[in-house]
Amino acid sequence: MNLNNRKEHNHKVGTYFDKASITFDTFYDRQRSAFMQWVDRKFRSDVFERYRLTFETIEPLKDKTVLDVGCGSGPYVVEAARRGGKRVVGLDMAQGMLDLGCQRAAAAGVADECEFILGVFPQDSPQETFDYAIVMGVMDYIADPLPFLSALARRVQLRAVMSFPSKHWFRTPLRKVRYWLKRCPVYFYEPLQIEELSKAAGFSNTKVEKIPGAGMDYFVTVFK
Ligand SMILES: C[S@@+](CC[C@H](N)C(=O)[O-])C[C@H]1O[C@@H](n2cnc3c(N)ncnc32)[C@H](O)[C@@H]1O
């Protein structure tokens, strides 16, 4: 993808999530209507499951550093800080999401351990390395996964947890149309492709788990 196309691509994704930030955030705090909570439990259970698997996989967190790429409204940033992370950085391209993240960190009393940065990964990433990285719900919107994963491998010392959307005969075309209508590009992956990409990016080992149930995501752990 050339520079102009990449800028246009990032602009579309950032604009979509800026607009969607408040609706997206209500998901975590169960502030939605009873019907929408039922829809979330039935069709979006991966979001809860990948959250649970993340904190099972990146431990211990005490005194560790964490980079959350595409941190959204900061639920993982805040939880990593609550669990003892000494420096937790959330990077996101949508200002609306980061504003909610700052509020969440302040409300949880962990604002001093959390930093939120507005920008696009990898070009705006902090240059230091982190013990762990979290990349949840982001690979869906990455047009060039190899440079993204290669940059991630340079930032991580221990391991990173990521979600990748799978391909499904019915739900994938439906999601493509929904996002096309919202002018937000979206991408899907096969397990072998995830393993090959992670290896080419410089990770020594990759564990791909399909989240069970109605979910569409792979939960992926990559090791340095
Ligand atoms: C579906 S949300 C997930 C947010 C959060 N990780 C979570 O699971 O709650 C995806 C987020 O990734 C961000 N994003 C997508 N591509 C990005 C990139 N290359 N650099 C930084 N943020 C990105 C979007 O702005 C959006 O807030």
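Relevant structure appears above.
Values in this document were obtained by computation on a predicted structure and should not be read as measured data. Residue numbers run consecutively from 1 along every chain, following the written order of its sequence. In keeping with the predicted nature of the model, local features appear solely for residues at pLDDT of at least 70, side-chain atom pairs appear and are counted solely at 80 or more, and the whole-chain, interface and lining totals rest on all residues. Side-chain metrics rest on all non-hydrogen atoms present in the structure, leaving aside hydrogens and water.

Enquirer: Is there a simple way to think about the site of the ligand in this case?
Expert: Near is defined per residue: the residue qualifies when any heavy atom it owns lies within 4 Å of the molecule or strand. The ligand sits among 21 residues. The nearest are Tyr-28, Gly-70, Asp-92, Phe-121 and Met-136. Under this definition, polar contacts are N or O atom pairs within 3.5 Å; protein pairs additionally need one hydrogen-donor-capable and one acceptor-capable atom, and for neighbouring residues in sequence, both atoms have to be side-chain atoms. For the ligand, an oxygen atom lies 2.7 Å from a polar atom in the side chain of Asp-92. Considered on its own, the ligand offers 600 Å² of accessible surface; in the complex 98% of this is hidden by protein. The set of elements that each furnish at least two residues to the shell around the ligand consists of helix H1 (3–26) and helix H4 (75–82). Secondary structure follows DSSP: runs of H or I at least 4 residues long count as helices, runs of E at least 2 residues long count as strands, and numbering of each begins at the N terminus. The biggest single contributor to the shell around the ligand is H1, with three residues. Computed with the Shrake-Rupley method and a 1.4 Å probe, the accessible areas treat only the protein chains shown as cover for residues.

Enquirer: Explain the packing of helix H3 (residues 45–57) against H4 here, please?
Expert: When two helices pack together, their arrangement is given by the angle between the helix axes and the distance between those axes. Lines fitted to C-alpha atoms define the axes here, with helix axes fitted over just the stretch in contact, and angles between the N-to-C directions of these axes take values from 0 to 180 degrees. At a minimum axis separation of 11 Å, H3 and H4 run at an interaxial angle of 30°. Viewed along their axes, H3 and H4 adopt a mutual orientation that is roughly parallel. Between H3 and H4 lies a crossing whose hand is right-handed. For the pair H3 and H4, contact is made by Val-47, Arg-50, Tyr-51, Thr-54 and Phe-55 and by Pro-75, Tyr-76, Glu-79 and Ala-80, respectively. Throughout, the term roughly parallel applies to angles under 35 degrees, roughly antiparallel to angles over 145, roughly perpendicular to angles from 65 to 115, and oblique to all others. Each crossing gets its handedness from the near helix: less than a right angle anticlockwise from the far helix is left-handed, clockwise is right-handed. We call two residues contacting when some pair of their heavy atoms lies within 4.5 Å.

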